[in-house]
Amino acid sequence: MLAHFLGVLALIGAALLLVFGLGVTVYGLARGDGRLARRAALGTGGLVVVYSLGIALSATLAPRTVIPFGEEISFCGFDCHLHISLTEVDMEEDFIGLVVRARSDAKSEPEHPSYLQFRLVGRSGAALAPYQDGKTFLQPLEAGQSTVDTLSFVASPEDFPYSLRVIYPDLPEALLLGPANSRAVGKTTLSLGD
């Protein structure tokens, strides 16, 4: 929760500095002050480079973790109210069926597990999309409720053991620094059990 909050604050701060730097650059150009415009442009460009490196390092340095079967991964806004876990696994040759549970412990606002991306990750690191990609958890999850949905995968027996990666693939999570970055979160997966 704290990592996500700090990541959001860093993103907001970087965005404000970017807007300020661009504003000073435009101001310098409008006044004919090339020196001010160059310095502001270099500073703004430097900010973009440093922030981009921070995003890349966040994903690279995050440890790979496999959470035991039945335990939850939590997703945070300003609070961590959406929790995802596996409740059942059905494996037959190259078919894997998963029952995924979404639980909300929010007080009043609904959660939206339909925004999550589910991928089955094998030993080689290959990520497999489910049959019904984008059709999981279609309804919002009301505060304090839980629901289950199923995912089906065709998986190669040679790539066992598999685990389930769950992330928010879109902005702003992809731009956050630290462990809240969606690529860093994606290194924590749910075990399918034995």
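In this text, all values refer to a predicted model and were calculated from it rather than measured experimentally.

S.K.: I'd like a description of helix H2 (residues 34-61), backed by residues and values.
M.R.: The terminal C-alpha atoms of H2 lie 40 Å apart, and with 28 residues this matches the ideal 40 Å at 1.5 Å per residue to within 8%. Within H2, burial applies to Ala37, Ala40, Thr44, Tyr51, Gly54, Ile55, Ser58 and Ala59. The elements touched by buried residues of H2 are helix H1 (2-31) and helix H3 (182-185).

S.K.: An account of a nonpolar patch on the surface is needed here, citing residue identities and associated values.
M.R.: Residues Leu2, Phe5, Leu6 and Leu9 make up a contiguous nonpolar surface patch of about 370 Å² in total accessible area. On the secondary structure map, Leu2 appears in helix H1. Taking relative accessible area as the criterion, Leu2 reaches 59% and is therefore assigned exposed.

S.K.: How would you summarise the nonpolar core if you had to cite specific residues and measurements?
M.R.: By size, the foremost hydrophobic cluster in this structure holds 24 residues, and its most contacted members are Ile84, Leu98, Val100, Phe118 and Leu164. Contributions of two or more residues to this core are made by strand E2 (73-76), strand E3 (80-92), strand E4 (95-104), strand E5 (117-121), strand E7 (146-154) and strand E8 (163-167). Setting aside its immediate chain neighbours within four residues, Leu164 contacts Leu86, Leu98, Val100, Phe118, Arg119, Leu120, Leu151, Phe153, Thr189, Leu190 and Leu192.

S.K.: Can you break down the packing of aromatic side chains residue by residue, with the values?
M.R.: Evaluation of the coordinates by the stated rule reveals 1 aromatic pair. Ring geometry for Phe118 versus Phe137: centroids 6.1 Å apart, planes at 40°, classification tilted. Here Phe137 lies in the loop between strand E6 (127-128) and E7 and Phe118 lies in strand E5, a separation of 19 residues in the sequence. Owing to a relative accessible area of 4%, Phe137 belongs among the buried residues under this scheme.

S.K.: Pulling in residues and values, what's your account of the environment of Leu82?
M.R.: Relative to the elements of secondary structure, Leu82 occurs in strand E3. Excluding residues that lie within four positions of it along the chain, Leu82 makes contacts with Ile73, Ser74, Phe75, Ala102, Arg103, Glu111, Pro113, Leu116, Leu141 and Tyr168.

S.K.: Quick rundown of the environment of Gln132? Include the residues and the values.
M.R.: Position of Gln132 relative to the elements: it lies in the loop between E6 and E7. Taking C-alpha positions, Gln132 is 53 Å from Ala30, a pair spaced 102 residues apart along the chain. Other than its neighbours up to four places away in sequence, Gln132 contacts Thr150, Leu151 and Ser152.

S.K.: Can you break down H1 residue by residue, with the values?
M.R.: Spanning 30 residues, H1 covers 43 Å between terminal C-alpha atoms, matching the ideal 44 Å at 1.5 Å per step. Taken together, the buried positions of H1 are His4, Gly7, Val8, Ala14, Gly21, Thr25 and Gly28. Turning to H1, the residues buried within the fold contact H2 and E2. One or two residues past the end of H1 sits Gly32, with phi positive at roughly 80°.

S.K.: Mind laying out the pairing of E4, listing which residues take part and the relevant values?
M.R.: The buried count for E4 comes to 7 of 10 residues, which makes it a mostly enclosed element. In this sheet, E7 lies alongside E4 in antiparallel orientation, the contact comprising 9 bridges. Counted as the bridge partner of Leu98 is Leu151 from E7.

S.K.: An account of a negative patch on the surface is needed here, citing residue identities and associated values.
M.R.: A surface patch of like charges, here negative, comprises Glu88, Asp90, Glu92, Glu93 and Asp94. Take Glu88: it is sitting in strand E3.

S.K.: Account for the sheet that holds strand E9 (residues 188-191), naming residues and giving values.
M.R.: Sheet architecture is open: 5 strands sit in the order E1-E9-E8-E5-E6, paired in mixed fashion. Strands at the two margins of the open sheet, each flanked by one partner only, are strand E1 (65-67) and E6.

S.K.: Any details on the environment of Val154? Residues and values, ideally.
M.R.: In this fold, Val154 is placed in strand E7. With sequence-adjacent residues up to four places away left out, Val154 is seen in contact with Asp94, Leu128 and Tyr131.

The rules behind these values
- Residues numbered from 1 in each chain as written.
- Predicted model: local features only at pLDDT ≥ 70, side-chain atom pairs only at ≥ 80, totals over all residues.
- Heavy atoms only, no water.
- Helix = DSSP H or I, 4+ residues; strand = E, 2+ residues; numbered from the N terminus.
- Expected span 1.5 Å × (residues − 1).
- Buried < 20%, exposed > 50% of the residue type's maximum accessible area, 1.4 Å probe, protein only.
- Contact = heavy atoms within 4.5 Å.
- Patch = residues over 30% accessible without salt bridge, like charges linked within 9 Å, V, L, I, M, F, W, Y side chains within 5 Å.
- Areas by Shrake-Rupley, 256 points an atom, 1.4 Å probe, with all protein chains shown as cover.
- Salt bridge = Lys/Arg side-chain N within 4 Å of Asp/Glu carboxyl O.
- Core = buried A, V, L, I, M, F, W, Y, C linked by side-chain atoms within 4.5 Å.
- Phe/Tyr/Trp six-rings, centres within 6.5 Å; stacked < 30°, edge-to-face > 60°.
- Pairing = 2+ DSSP bridges.
- Lys, Arg positive; Asp, Glu negative; His and termini not counted.
- Charge placed at Lys NZ, Arg CZ, Asp CG, Glu CD.

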